[in-house]
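Topology and contacts: notes
Letter by letter, the chains look like this.
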Amino acid sequence: MSDAGIHVPTAARTQTVVASAGLVAWARLNLFGSWWSTAVTLLLGYIILRVVAGVVEWGLIHAIWTVPYSATGIADTAICQVAKGTGACWAVLTDKYRLILFGRYPYAEQWRPAIVVLLFIGLYIVSGMRRFWRKELLVVWVVVLAAIGILMGGGVFGLSDITEDYWGGLPITLILATFGAAFSFPLAVLVALGRRATKLPAVKLLCVLYVEIIRGVPLIAVLFMASVMFPLFMPAGINVDKLLRAQIAFILFAGAYLAEVIRGGLQALPAGQAEAADALGLSYWKKTAFIILPQALRLVIPPLVNTFIGFFKDTSLVLIIGIFDLLTMGKVALSDPPWQSFSTEVYLGLAAVYIAFCFAMSKYSRSLERDLNRARDR
Amino acid sequence: MSDTTVDPRLAAPRAVPKRRMRLSWADPVFRSVVWQVLIVGVVVAIAWYLIHNTSTNLAARHIATGFGFLGRVAGIPIGESMIPYDPAADTYGTALLIGVLNTLNIAVIGIILATILGTLIGIGRLSKNWLLAKLTGFYVETLRDIPLLLQLLFWYTVLQGLPGPKQAWHIDDIAFLSNRGLKLPRLEWQTAHTWALAVFFAGLFVTWLGTRRAHRRQDATGVRPAVWPVAVAVLIVLPVIVWAALGAPFVLEFPALRGFNFQGGLTLAPEYFALLLGLVTYTASYIAEIVRSGIQAVPQGQWEASRALGLSSGAILRWIVLPQALRVIVPPMTSQYLNLTKNSSLAVAIGYQDVVSIANTTLNQTGQAIEGIAFIMAVYLTISLSISLFMNWYNARIALVER
């Protein structure tokens, strides 16, 4: 703010000059601006230094990275037990990381889930780039998801057949989140449109009931429904496996939340767009497909990404109904007797994986929001 | 043709022509009817198919239906209960009621604590102090990116890994933190406390009346009579007098180590404490962002204008900034409160017996899955609806009244 023309006390004027450049000046302004600020800085600085020093000492200096194995291949964790409390035992991760990441998938075949994980990451990156936002992306999704199914299940192209009982770890987390989003998306679009269909009151009522009931209950209730009620719904003799049941529950759950996000986009679109389309004599579906949806969906891409981050974290809840996702595999690894008391290390490792995915996505969502806002504000 | 004769079509009030629906695809009314019949028909058919399968399956498996099991003896051991409970004698109905109370307990306490922590962190993010702003930013970014269930499991194992009661971390003989949970002193509740509390609530009502009267007086005369002397008298002085008149009892029951465990005092079991800790820290990271964006939504000019009017910074916050920020804050806050309540169902993973946990045990024991799930859904829908209604009422109260 310019002080030109305003009477400024000399002291204040010199202070402004001092605080305009240099590290010291920056610190004076941002760390020691007032007595109160100085006290906060000193207190927090002390606490942070203590904590960082403690973490470095525990996690790096005194940490144990490998342990010897007995002749039978059982880890001898005696040195970890001794170091417990003073040093981290990362050996639990170096020993168990394959189990945690890929579950009970046959060891020799674990390159397949590894490629699946890379395919998922590649799919996210490609979908995130704005230059690929066209119809062909849909084809890419279908192809990649099909490839993922083939790689995991096998049975064709000389890949050995591996049933879902052996799937586990990170691929399960990614499958639940991605397939959930992919299949719930069309459902969510239809529900969002249905909720705004004032001329179809019965359809509107159905959509409102679906969205509000699903959003009113916790995900666990929906997952329980899939695991204990779903078998009752099916005719005798048909047995849908556990993973597919959880996936269906997830799709139903995600559909309700996505529908609300998409409805937000539909509401934000000026009514003139729909009226102009009507004036041109477009049918409802043409109007929706070519005028309304392309604009409405573009408006809600950042909240869609945020919702997807939520689903990604929510997949961990399948632990409660006994599906071997990343978090469940962490618990399974901890059930091995020698490693039982090193849960902190395992949980930190799992947290790092979740943070890596979620942080990347939220960073992306924010930069996208900025870009889109800039385009809109112009 | 004469000009004086009035056209009968003009004289009669013109009724809206009752258009008949044509049986043609070109008629929008017809189309909408067909679409609705079609969609509702498909949904009903699917529902009927599922219900039919379910009843066949239930009959084949000899599973009873209906809520008759609520009256049977439960036999579920429950660690924490706000009402007296005996597994050998009490019914499933009582057990489920305890579950509901436990859920409400964690939700209410969690919402209060998360609001306080979240507000502090949200304000911290706006601090001029670089270190504080960065640290609170780090807190928000990290906690939001870790699944809540992972955090709960982490806190639970941390609490279980604490030393036993004999080596408990303690502050004198007042508070003990061990693998048996957190022990705090408890006030021995006596009649005098009940009366003092009753007088306090009566005082709240009187204060409310006083505020209303002051509002009316201010509207009429422009002078606002002071309410605070009355408030102090009825909220603090009067309850204290009542309490003192009834003998001023104040006995704290301290937790004490007897044998291998603590006796007496207030106990926060590890399950409860872990759940509370996880829910509060996780939800606070979302609330912090809501509070921050709410405060930032108030234009800088509002602060500058209030300073120009000579208001103190407390008055600016109370009368200028907060009323405007709250309008932005309340709607997303409502959904966070709902999320916290729904997330409390993760209790089932760490063994705190909330409604989901007890209903799950019930449905495993009785085999009545549909009733169990229906009960869970009914409870949460009721809670969600109540919170929504309350927050909508509050939102309407603070909304901008435009002419």
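For the structure, check the block above.
Everything numeric in this text was worked out from a predicted model, so none of it was measured. (Residues numbered from 1 in each chain as written. Chains lettered and ligands numbered in written order. Predicted model: local features only at pLDDT ≥ 70, side-chain atom pairs only at ≥ 80, totals over all residues. Heavy atoms only, no water.)

Let's talk about the interface of chain B and chain A
Facing 49 residues of chain B, the contacting portion of chain A comprises 54 residues. In total, chain B and chain A occlude about 4,400 Å² of area from one another, counting both sides; carbon and sulfur atoms represent 75% of this. Glu141 of chain B is the salt-bridge partner of Arg366 of chain A, the closest N and O atoms lying 3.3 Å from each other. Remark: the boundary between chain B and chain A carries 14 residue pairs in polar contact (both at pLDDT 80 or more). In terms of residues, the side of chain B that touches chain A owes the most to one element, helix α2 (residues 28-60) of chain B, which gives 12 residues. In terms of residue class, the side of chain B that touches chain A is built from 31 nonpolar, 11 polar and 7 charged. (Contact = heavy atoms within 4.5 Å. Buried area = accessible area lost by both parts, 1.4 Å probe. Salt bridge = Lys/Arg side-chain N within 4 Å of Asp/Glu carboxyl O. Polar contact = N/O pair within 3.5 Å; in protein donor to acceptor, adjacent residues only side chain to side chain. Helix = DSSP H or I, 4+ residues; strand = E, 2+ residues; numbered from the N terminus. Nonpolar A, V, L, I, M, F, W, Y, C, P; charged D, E, K, R; others polar.)

Examining the sheet that holds strand β2 (residues 175-178) of chain B
Residue and element names in this part refer to chain B. Strand order in the open sheet made by the 4 strands is β1-β2-β3-β8, with antiparallel pairing throughout. If you trace the sheet from one side to the other, it starts and ends with β1 (169-171) and β8 (266-268), each paired once. Sheet twist, expressed as the mean angle between neighbouring strand axes with direction ignored, is 15°. Here β2 pairs with strand β3 (residues 181-184) via 3 bridges, running antiparallel. When the bridges of β3 are listed, Ser178 appears paired with Gly181. In this fold helix α8 (residues 270-296) packs onto β2, β3 and β8, with an angle of close to 60° to the strand it touches most, β8. (Pairing = 2+ DSSP bridges. Axes fitted to C-alpha atoms, helices over the stretch in contact; angles between N-to-C directions.)

Let's talk about the pairing of β2 of chain B
Residues in a regular strand project their side chains so that they alternate between the two faces of the sheet. Residue and element names in this part refer to chain B. Burial along β2 is two-sided: the residues Ala175 and Leu177 and Phe176 and Ser178 are all buried. Inspection of the sheet shows β1 paired to β2 by 3 bridges, in the antiparallel sense. Within β2, the residue paired with Trp169 across the bridge is Leu177. Linking two consecutive strands that pair antiparallel, namely β1 and β2, is a turn of 3 residues; a positive phi of about 50° is found at Asp172 within it. (Buried < 20%, exposed > 50% of the residue type's maximum accessible area, 1.4 Å probe, protein only.)

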